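# Structure at a glance
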Amino acid sequence: SANIILNTENGPRGGDEINLIQYGKNYGWDTASYGKKYVNSNDQDELIDYKLSHEDNNFEEPIFAFVPSIGISEIIKIENNFSKQWFNNFLIASLNSGHIYRFKFNNDFTKTIFYEKIFIGERVRDLYYLEDKKQILLALERSNALGILELKN
């Protein structure tokens, strides 16, 4: 997975996405989304909604879409030295669910094998993995603190 680019896309109301970025591909924003537009009484386009199927409209489908949204932010790969149970796993931060999410994708990043919600109790703005210390750093927005996750021995 050295040449893989994954991104998170903070969608409208619903429809936060994880995408595998490939050269020359279009991911559909702001035409296709699994979310709904926010209703604004001054918006003339409020009756026009997003096309749900990316593929049917010649866009790339996300690997995963959160419906409802989690306020998706950072995605990082957790190196395999963290835990034998966390092999080729990714962590995703959330701004509105109070959780981070551990993801496992298939080998060609075309689908999600599983995900796990991990309760944090805060908005998590950013993530960073310290490989040498086997620690995951979390930028916690409400408390203006740095959280540290590590395995207990």
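See the structure printed just above.
This section reports on the structure supplied with the text. (Residues numbered from 1 in each chain as written. Predicted model: local features only at pLDDT ≥ 70, side-chain atom pairs only at ≥ 80, totals over all residues. Heavy atoms only, no water.)

## Looking at the pattern of salt bridges
Between side chains of opposite charge, a pair can form as their charged atoms come close. Under the counting rule described, the total for this entry stands at five salt bridges. The shortest N-O distance in the salt bridge between Lys36 and Asp49 comes to 3.9 Å. Of the two residues, Lys36 sits in the loop between strand S2 (16–20) and strand S3 (64–66) while Asp49 sits in the loop between S2 and S3, which places them 13 residues apart along the sequence. By relative accessible area, Lys36 is classed as partly exposed at 45%. Of the residues examined, Asp49 reaches a relative accessible area of 37% and is grouped as partly exposed. Here the residues in one salt-bridge network are Arg123, Arg125 and Glu141, joined through shared partners. (Salt bridge = Lys/Arg side-chain N within 4 Å of Asp/Glu carboxyl O. Helix = DSSP H or I, 4+ residues; strand = E, 2+ residues; numbered from the N terminus. Buried < 20%, exposed > 50% of the residue type's maximum accessible area, 1.4 Å probe, protein only.)

## Overview of the sheet that holds strand S9 (residues 135–140)
Strand-to-strand pairing in sheets goes through backbone hydrogen bonds, with the strands running parallel or antiparallel. Here we have three strands laid out as an open sheet, ordered S8-S9-S10, and antiparallel in their pairing. In this open sheet, the two strands that pair with only one neighbour each are strand S8 (124–130) and strand S10 (145–149). Adjacent strand axes in the sheet meet at a mean angle of 25 degrees, parallel and antiparallel pairs treated alike. The pairing of S8 with S9 spans six bridges and is classified as antiparallel. The partner of Tyr128 across the bridge, within S9, is Leu137. (Pairing = 2+ DSSP bridges. Axes fitted to C-alpha atoms, helices over the stretch in contact; angles between N-to-C directions.)

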